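# Secondary and tertiary structure notes
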Amino acid sequence: MITKGSISRSFVEGLSREKGEPEWMRRLRLQALELFERLSDPLWLKGIDEIDLDELVLYEKVDARATSWDELPPEIRRFYEELNLPEQEKKFLAGLATSYDSEMVYYNAKKFLEEKGVVVLPMEEAVKRYPDLVRRYFGKVFPPAEHRYSALHYALWSGGVFVYVPPGVKVTFPVEAFFLVANEMVAQFEHTLIVVGENAFLHFIEGCSSPQFRKFAFHDGVVEAYVHRGGHLKFTTVQNWSRDLINFNNKRAIVEEGGRVEWVEGSFGSRASYVYPSFILRDGASVDVRAFTIAHGGEWKEGGVKLFHVGKDTRSHVVSKSVSSSDGVSVFRGLLRVNKGATGSRSSMSCDSLLLDEESKAFTYPHNQVEEPTARVSYEATTSFLREDQLFYLRSRGLDEDSAKALIVSGFLSDVISYLPPEYASVFRRVLELDFRGSVG
Amino acid sequence: MRVADSPTIKYYTRWELFEEAKKKKGKVEVLGAEKQGEVFSVEGKRVEIRTVEGTGHAHVEGNVKERLFIVEDSTRGPLFVTGRIQGKGEVFHLIRGGNIHYSHWEVKGNLVVRTLLVGREIYLRYDGEGRLRLYGVSLPGRSDVNHHLTAGDIENVHLLVPDDSSFLVHRPLVKLGKGGSAHVETRFLPGGLVVAVPSVEVYTSEVETASHSVKDLSFTGDQLFYLRSRGLTPHEARSLLIEETMKFLLGGLYEEARTILQTVPSLRPTRNPP
């Protein structure tokens, strides 16, 4: 089933039927569709107006669902082998689920996860096998009404992964979901839902990629994370899209009493990108965010972090870095909200931008809203520039100009990159080198 | 202008109200200036602009020799002021009134502008060349202060002084081009709801420096302990901090505006607070 264009009630109902969903999910999709039709484009969006949804393939059924790599059709397996995913899975992952355009095509979880009661499943399958569990959280963390494109996501979602870690269980090896947009003029609406039980631990890695297209593709995903009392979620996301993709990412975590989230967000590529992970912190909860974006060659990259301190004694710490080069524009939209009653809360946010040439731009819009007199907050941002004397110094040490520039960028981002798993950090450094070599200044 | 729009905050500036603002009927009084056609001009002294009825419009041109005192009062209606000031020295800018207020100044030279802003919704725009130091204070109440700044070298420091029922906003936007430099800082005291959106748009790498920050001006436990060990009550310590910060930001305007400051209950130093 390949379905192109015309978002309508009958299309959404057909999609729900195709997936064999329960009634509550069908209703949720239709409600979201109504919202999508009612809401207008958000004012803060720029560059998304060129999307003609009628021209996109909104859902493509892929006839492959494998639990071992050999079962996958070779033309699909090839993509993942090029990305070295089978090797990584063997070496250090507890579970892996991968998507191909609209569908999850591969998933596998190590046996010890099942023994501990950990659930790692494609989202559609989780809806059927654990309906009550999924229904309790689905759409409750990042609601469809947030804006027009989150409503669109809920109407058309397909693919994604559900991870549930029972109370007290610590999953020491990471679980990864990898999302591949393999074809142009495709829209991907994958939905990831992560639930970390009381005093449990999970390290979740989200990878995204797409090859070069002649036209473009659209990604409108949602990640919802619910961290229960005393739970600990480490979330690492590595988005390495091609420059022809418009990336819309909706991510939110609710962190219950004493819970903790460590969030690392890295973004390469995409023609336009809008990624603002948000966190709702209840009593004693804390979050540590490290994020970076690279806006290169005319890309419009929006990032930022939204922090809602709603409970007492909450803590947040954010380090955000962006690099702009060759007419790239990086935009930071931060939000810090401290509610009345969130006594003793602390927040520090720093946001640094590096511009590599005179055509590049960096815009920074931090919103700080503080309603609690006992809260302590600080926000600091700087924009720095590639200087001749820095280049001169490195060249006098024997580096050519391109290597010197790549080294400066790598050094600038090192605060964030050092928080990536080693395998990803080395890949990142390599991508950085390739991205900046011969293309800046 | 989309600058304040945000995925999670449905709260926008209204600069667009003024971008095509047309003159409406209204009466404005300009004291201390000479009228030359529709332009009021002032030479390094004091000018007071206030609405008498309806929506007031005025255009003022001034030369700063040492000090220029500008009072804009929109108590009786919305006030639109445009102006051009040049020279070297200090400008004391007092804006007050309960109506919407739009003030757009072209500045040239090397100016320190000290502003005291008491009003509901204030749009204060400075465009120009040279060096601009813009310091300001918002007093308790419901006040939404929006700055729009372009100049060669900008420093903007603004202090929000709320009380428990205040809603104070400081939203500066700096646009920085070739050779420019900027530092924007919002400081605030605890109380009420404070909103700080210090935004910077950097359009090229050919910029000297660009930074912005938001800080709360509360004492840490150690600082408070030190001050209390010197015999100050917490209230006195707070008053001292406010007074010194305001003196730094307002300079000579602090003395001029003393009568206004004394009307604010939370700023009155008292040894035995209620």
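The rules behind the values
Residues numbered from 1 in each chain as written. Chains lettered and ligands numbered in written order. Predicted model: local features only at pLDDT ≥ 70, side-chain atom pairs only at ≥ 80, totals over all residues. Helix = DSSP H or I, 4+ residues; strand = E, 2+ residues; numbered from the N terminus. Buried ≥ 20, exposed ≤ 12 C-beta atoms within 10 Å, placed from the backbone. Contact = placed C-beta atoms within 7 Å. Core = buried A, V, L, I, M, F, W, Y, C linked by C-beta atoms within 7 Å. pLDDT = per-residue confidence, 0-100. Axes fitted to C-alpha atoms, helices over the stretch in contact; angles between N-to-C directions. Parallel < 35°, antiparallel > 145°, perpendicular 65-115°, else oblique. Left-handed = near helix turned anticlockwise from the far one by under 90°. Nonpolar A, V, L, I, M, F, W, Y, C, P; charged D, E, K, R; others polar. Pairing = 2+ DSSP bridges.

Looking now at the overall build of chain A. If you tally the helices and strands in chain A, you get eleven helices and 24 strands. Its C-alpha atoms put chain A at 65 × 55 × 45 Å along the principal axes. For chain A, buried positions account for 55% of its 441 residues. Counting only contacts in chain A whose residues sit at least 6 apart along the sequence, the fraction spanning at least 24 positions is 82%.

A few words on the nonpolar core. With 208 residues, the main nonpolar core has A:Phe162, A:Val163, A:Leu202, A:Leu233 and A:Val255 as its most contacted residues. Ranked by residue count, the leading element in this core is strand β7 (residues 79-128) of chain B, at 21 residues. Leaving out residues up to four positions away in the same chain, A:Phe162 has contacts with A:Val119, A:Leu121, A:Met123, A:Ala126, A:Val134 and A:Leu193.

Another aspect to go through is the confidence of the model for chain B. Residue and element names in this part refer to chain B. Mean pLDDT over chain B: 83, with 88% of residues reaching 70 or higher. Contacts of residues 1-5 to residues separated by more than four positions or lying in other chains number 17 contacts, the stretch itself having pLDDT below 50. Interface confidence for the predicted complex, expressed as ipTM, amounts to 0.86; the pTM equals 0.90.

All right, on to the packing of helix α1 (residues 9-18) of chain A against helix α2 (residues 23-38) of chain A then. Residue and element names in this part refer to chain A. Running from N to C, α1 and α2 cross one another at 155 degrees; their axes reach a closest spacing of 10 Å. By the angle between their directions, the pair α1 and α2 is classed as roughly antiparallel. Our pair here, α1 against α2, has a crossing hand that is right-handed. Counting all contacts with α1, which are made through Arg9, Val12, Glu13 and Ser16, the residues of α2 involved are Met25, Arg26, Arg29, Leu30 and Leu33.

Accessible area lost when the parts come together is the quantity often used to give the size of an interface. Counting residues at the interface gives 36 residues for chain A, matched by 32 residues for chain B. If you list the elements that add at least two residues to the side of chain A that touches chain B, you get β21 (329-338), β23 (361-370) and β24 (376-385) of chain A. In terms of residues, the side of chain A that touches chain B owes the most to one element, β23(A), which gives ten residues. Here the side of chain A that touches chain B is composed, by residue class, of 18 nonpolar, ten polar and eight charged. Sheet analysis places β23(A) next to strand β13 (residues 193-196) of chain B, joined by three bridges and oriented antiparallel. By the bridge assignment for β13(B), A:Gln369 is matched with B:Val195.

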